[in-house]
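Next come the chains, spelled out residue by residue.
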Amino acid sequence: MSRNILLVTCPDARGIVAALSGFLAGHGANILEVDQTVLPEDALFCARFAWEGGDGALSGEGFASAFSPLAAPFSIRHELFDAAKKMQMGLLVSREAHCFHDILARVEDGEWNVDVPLVVSNHESLAPIARRQGIPFEVVPVPKDDPAGKAAAFARTEALFREAGCDFLVLARYMQIVPPSLIAAWPMKIVNIHHSFLPAFAGAKPYAAACRRGVKLIGATAHYVTENLDEGPIIEQDVRRVTHREGVEDLVRIGRDIEKVVLSRAIRWHLEHRILVHANRTVVFA
């Protein structure tokens, strides 16, 4: 039986939920989940519907025409997803392995409905980890002070992921700034884990900066990548309390554990189509 997910946004108005539920039920759908909210500052209605079954109007190319008479009066913008489709996740990594190990373990265990057709790295270090699981691993060096060389490296990276059929990308501690060309190719489809509780301590070496500042909480942030470095819509964050007894190495160790969990949540929510992006923020139906 087919399973579908619908994400909708529109100006808030009375009767939207009833209209959407009636539309789905009228086409024979068995509604499994309904989650909704209103962003009061924008008077914006946001919702996620998940269902199974239904007639041909509820999936594929026929949906837009069947849905249009309902969508037009409410000015509804929508995205429809096939919940059963196995998505293709491309990974970018550098030298640090903790998030990479965690992702591959979850994929191997079947925790997510996803395949990893390709890993790209600017270093050879993590190649054995991917190859043990039979995952193609491509090394694309990114030169430091050579703009033309960087552009060529990312052009190759983009081509590799396109050839691999990737639906979205994950930066699993990939220590390079992603250029606008790659972002434009996968808009709001590149998930990054930042080893800091953004917006605090953005940039390099946040744990050292946090230690110098004597913070009592450290954390990690998963967000979509935009052209504004470390300022994309935040998907998930978490923190852990620390004290003056923890040095930089302790904070790094603790932070790595947080990073793995935060990134895995963000990936799962993206895979399950639980994230709506509005302006530079997210609504997460978790």
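Residues numbered from 1 in each chain as written. Predicted model: local features only at pLDDT ≥ 70, side-chain atom pairs only at ≥ 80, totals over all residues. Heavy atoms only, no water.

(A) Quick peek at the pairing of strand β1 (residues 3–11). Within β1, 7 of the 9 residues are buried, leaving the element largely enclosed by the surrounding structure. Taken together, the 6 bridges between β1 and strand β4 (residues 77–82) define a ladder with antiparallel strand orientation. Looking across to β4, one finds that T9 is bridged to R77. (Buried < 20%, exposed > 50% of the residue type's maximum accessible area, 1.4 Å probe, protein only. Helix = DSSP H or I, 4+ residues; strand = E, 2+ residues; numbered from the N terminus. Pairing = 2+ DSSP bridges.)

(B) The arrangement of the sheet that holds β1 in detail. Pairing is antiparallel in the open sheet, where 4 strands are placed in the order β2-β3-β1-β4. Every other strand in the sheet has two partners, leaving β2 (29–39) and β4 as the edge strands with one partner each. Taking each pair of neighbouring strands and ignoring which way they run, the sheet shows an average axis angle of 15°. (Axes fitted to C-alpha atoms, helices over the stretch in contact; angles between N-to-C directions.)

(C) Structural view of the packing of aromatic side chains. Tallied over the entire structure, the rule returns 4 aromatic pairs. Seen in terms of ring centroids, F23 and F63 are 6.0 Å apart; in terms of plane orientation they differ by 85°. Their pairing is edge-to-face. Here F23 is found in helix α1 (residues 16–26), whereas its partner F63 is found in helix α2 (residues 62–74), with 40 residues between them in sequence. A relative accessible area of 11% places F23 in the buried class. With a centroid separation of 5.0 Å and 25° between ring planes, the pair formed by F63 and F67 is classed as stacked. Residue F63 and its partner F67 are both found in helix α2; the two are separated by 4 residues, about one turn of the helix. Under the relative-accessibility criterion, F63 is labelled buried at 1%. For F67, a relative accessible area of 0% translates into the label buried. (Phe/Tyr/Trp six-rings, centres within 6.5 Å; stacked < 30°, edge-to-face > 60°.)

(D) Quick peek at helix α5 (residues 147–163). Between its terminal C-alpha atoms α5 stretches 24 Å, which fits the 24 Å expected from 17 residues at 1.5 Å a residue. Inspection of α5 places G149, A153, F154, T157, E158, L160 and F161 among the buried residues, and these make up the whole buried set. Those residues of α5 that are buried lie in contact with β5 (87–93), β6 (114–121), β7 (137–139), β8 (168–171) and α6 (180–185). (Expected span 1.5 Å × (residues − 1). Contact = heavy atoms within 4.5 Å.)

(E) Representation of α2. Residue S68 marks the point of greatest curvature in α2, where the axis turns by about 55°; the proline P69 follows within four residues. Every buried residue of α2 is listed here: F63, F67, L70 and A71. Phi turns positive one or two residues past the end of α2, at S75, with a value near 55°. (Bend = angle between axes of the 7 residues up to and from the residue.)

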